[in-house]
Amino acid sequence: MNDKKQSNQIDIQLKEDVAQGTYSNLAVITHSSSEFVVDFVRIMPGIPKADVKSRIILTPEHAKRLMLALQDNIRKFESLHGAIKIEENHGPQGTVIPMGFGPTGEA
């Protein structure tokens, strides 16, 4: 039975360059019938151009699992630290503009 338990485990490796992380203050989400694409962008005040720093492509099922996992983690975070306050500032196509940026990308 121990062998069966061990065979179901996944050995997840975290490489040093990935462990450093990439800062993003904007996520642009698009989808088709078969996938969700999440582009993570870093916008800086006064700089009119912003590059996608990372792109994650998910199946619809995995996108929903991610949403549920984020909801659960936010609930746990807020129970310890209080409500996370956000300013509702939506840009084109429903994208959420990071705090301090107007709908045209101006600070």
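Up top is the structure these notes are about.
Parameters and conventions
- Throughout this document, residue positions are counted from 1 along each chain, in the order its sequence is written.
- With pLDDT at 70 or above as the cut-off, local features in this predicted model cover only qualifying residues; side-chain atom pairs require 80 or more to be listed or tallied, and sums for whole chains, interfaces and linings still use all residues.
- Derived side-chain values reflect all non-hydrogen atoms in the structure, with water molecules and hydrogen atoms excluded from consideration.
- For the purposes of this entry, the term helix denotes a DSSP run of H or I that reaches at least four residues, the term strand denotes a run of E that reaches at least two, and both are numbered from the N terminus.
- In this scheme, a residue with accessible area under 20% of its type's maximum is buried, one over 50% is exposed, and one in between is partly exposed, where area comes from a 1.4 Å probe on protein chains only.
- Contacts: residue pairs with any heavy atoms within 4.5 Å of one another.
- Where accessible areas are quoted, they stem from the Shrake-Rupley method and a 1.4 Å probe; at the residue level, only the protein chains shown are allowed to cover.
- For two strands to count as paired, DSSP must find a minimum of two bridges between them.
- Whenever a nitrogen or oxygen atom comes within 3.5 Å of another N or O atom, the pair is scored as a polar contact, on the condition that within protein one atom can donate a hydrogen and the other can accept it, and that pairs from neighbouring residues in sequence are kept only if both atoms are in side chains.
- Whenever Lys or Arg places a side-chain nitrogen within 4 Å of a carboxyl oxygen from Asp or Glu, that contact is recorded as a salt bridge.
- In this analysis an axis means a line fitted to C-alpha atoms, helices contributing only their contacting stretch, and an angle means the value between N-to-C directions, from 0 to 180 degrees.

Undergrad: Let's hear about the overall build of the protein: which residues, and what values?
TA: Across its full length, the protein carries three helices and three strands. Along the protein, helices (α) and strands (β) appear in the sequence α-α-β-β-β-α when read from the amino end. Among the 107 residues that make up the protein, the fraction classed as buried is 15%. In the protein, the proportion of contacts linking residues at least 24 apart, taken out of those at least 6 apart, comes to 23%. Per element, the accessible surface of the protein, about 9400 Å² overall, is 56% carbon and sulfur.

Undergrad: Would you mind going over the pairing of strand 2 (residues 36–41) in detail, with residue names and values included?
TA: In the sheet, strand 1 (residues 26–31) pairs with strand 2 via six bridges, with the strands oriented antiparallel. Paired with Leu26 across the bridge in strand 2 is Val41. Count of turn residues in the strand 1/strand 2 antiparallel hairpin: four residues. As defined by bridge partners, strand 2 adjoins strand 3 (residues 52–58) across six bridges and the pair is classed as antiparallel. Bridge pairing in strand 3 places Phe40 opposite Ser54.

Undergrad: Tell me about the side chain of Asn25, residues and numbers included.
TA: Its place among the elements puts Asn25 in the loop between helix 2 (16–19) and strand 1. Looking at Asn25, its side chain comes within polar contact range of the main-chain nitrogen of Ile43, at 2.8 Å.

Undergrad: Any details on the pattern of salt bridges? Residues and values, ideally.
TA: All told, the structure shown has four salt bridges when counted by the stated rule. Its salt-bridge partner being Lys76, residue Asp72 comes within 3.0 Å of it at the nearest N-O pair. Here Asp72 and its partner Lys76 are both found in helix 3 (residues 60–81), four residues apart, which amounts to about one turn of the helix. Residues joined by salt bridges that share partners form a network here, namely Asp72, Arg75 and Lys76.

Undergrad: Give me the lowdown on the sheet that holds strand 1, citing residues and values where you can.
TA: Here we have three strands laid out as an open sheet, ordered 1-2-3, and antiparallel in their pairing. What marks the edges here is a single partner per strand, and that holds for strand 1 and strand 3. Here the average twist between neighbouring strands, direction ignored, is 20°. Docked against the sheet, helix 3 engages strand 2 and strand 3, running at close to 115° with respect to strand 3.

The values are spatial; any link to function lies outside them.
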